[in-house]
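Observations on chain architecture
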Amino acid sequence: MSAPASPPDFPIVIFHNPDCGTSRNVVAMVQAAGYAPTIVEYLQTGWSQEQLLGLAARTGLGLKALLRTKGTPAEALGLLADDVTAAQMVEAMLAYPILVNRPLVETPKGVKLCRPSEVVFDLLERRPDVFVKEDGEIVRA
């Protein structure tokens, strides 16, 4: 049984990496709440500069906070240095989409980096009463 489509007045977009457990949990949590989100597999589609800068601004975190260092070439590219400019960071994130931390979720309530996955509930109008994560952890709304 598939979830009903998200209403047009409450669209949900998940920037998703299917190899990431946290990202998979977020998708499953949104679906368990009864939404059918738009899922963007950004490792395949990549980012546009406008999209990346817009998401970073709307999270309120900025680019540096969205930089994923674990399992990425961030250190090899010199992105961990204190003097890295926003332009250098954007250029690297466009060239290597894996550098953007995930999952980013956008709804009419805002944009958040959903780590831990339960953060996604702040962006939804409804949520499941109980959700069991992939690792067996039980999350109560």
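Coordinates for the structure precede this section.
Values in this document were obtained by computation on a predicted structure and should not be read as measured data. (Residues numbered from 1 in each chain as written. Predicted model: local features only at pLDDT ≥ 70, side-chain atom pairs only at ≥ 80, totals over all residues. Heavy atoms only, no water.)

Regarding the overall build of the chain
Helix and strand counts for the chain stand at 5 helices and 6 strands. Taken from N to C terminus, the helices and strands of the chain fall in the order β-α-β-α-α-α-α-β-β-β-β. For the chain, the spread of C-alpha atoms along the principal axes amounts to about 45 × 35 × 25 Å. Expressed as a percentage of its 141 residues, the buried residues of the chain come to 44%. Long-range pairs, those at least 24 residues apart, make up 61% of the contacts in the chain with a sequence separation of at least 6. A total of about 7400 Å² of accessible surface is found on the chain, and carbon and sulfur atoms cover 51% of it. Averaging the coordinates of the 13 positive side-chain charges in the chain and doing the same for the 16 negative ones gives two points 5 Å apart. (Helix = DSSP H or I, 4+ residues; strand = E, 2+ residues; numbered from the N terminus. Buried < 20%, exposed > 50% of the residue type's maximum accessible area, 1.4 Å probe, protein only. Contact = heavy atoms within 4.5 Å. Areas by Shrake-Rupley, 256 points an atom, 1.4 Å probe, with all protein chains shown as cover. Lys, Arg positive; Asp, Glu negative; His and termini not counted. Charge placed at Lys NZ, Arg CZ, Asp CG, Glu CD.)

So, unusual backbone geometry
Of the consecutive residues Arg102 and Pro103, the connecting peptide bond is found in the cis state with omega at -5°. With respect to the helices, strands and loops of the structure, Pro103 is situated in the loop between helix H5 (86-95) and strand S3 (104-107). The residue after Arg115, namely Pro116, is reached through a cis peptide bond having omega 0°.

Here's the deal with the sheet that holds strand S2 (residues 38-41)
Here we have 4 strands laid out as an open sheet, ordered S2-S1-S3-S4, and mixed in their pairing. Edge strands, defined here as strands with exactly one partner in the open sheet, are S2 and strand S4 (110-113). Between one strand and the next, the sheet's axes are offset by a mean angle of 15°, whatever the strand orientation. Where S3 meets S4, 4 bridges bridge the pair, whose relative direction is antiparallel. Paired with Glu106 across the strands is Val111, a residue of S4. Taken strand by strand, helix H1 (residues 21-32) contacts strand S1 (13-16), S2 and S3, and its axis lies near 160° from that of S1. Set on the sheet, helix H3 (residues 49-59) makes contact with S1, S3 and S4; between it and S4 the angle comes to about 90°. (Pairing = 2+ DSSP bridges. Axes fitted to C-alpha atoms, helices over the stretch in contact; angles between N-to-C directions.)

Brief notes about the pattern of salt bridges
All told, the structure shown has 5 salt bridges when counted by the stated rule. Ionic pairing is found between Asp122 and Lys112, a salt bridge with its closest N-O pair at 4.0 Å. Of this pair, Asp122 sits in the loop between S4 and strand S5 (130-132) while Lys112 sits in strand S4, and the two are 10 residues apart along the sequence. We note a salt bridge from Lys133 to Glu137, for which the minimum N-O separation is 3.4 Å. The class for Glu137 is partly exposed, based on a relative accessible area of 36%. Several salt bridges converge on common partners, so that one network encompasses Glu118, Lys133 and Glu137. (Salt bridge = Lys/Arg side-chain N within 4 Å of Asp/Glu carboxyl O.)

Concerning the pairing of S3
The side chains of a regular strand alternate between both faces of the sheet. Direction of pairing for S1 relative to S3: antiparallel, over a ladder of 3 bridges. Residue pairing for S3: Val13 is matched across the bridge by Glu106.

With respect to H5
For H5, the complete set of buried residues consists of Met89, Val90, Ala92 and Met93. One face of H5 carries all of its buried residues, which in axial projection span an arc of 165°. Across from the buried face of H5, at angles greater than 90 degrees, the exposed residues are Ala87, Glu91 and Ala95. Against the buried residues of H5 lie H3 and helix H4 (63-66). (Arc of directions from axis to C-beta.)

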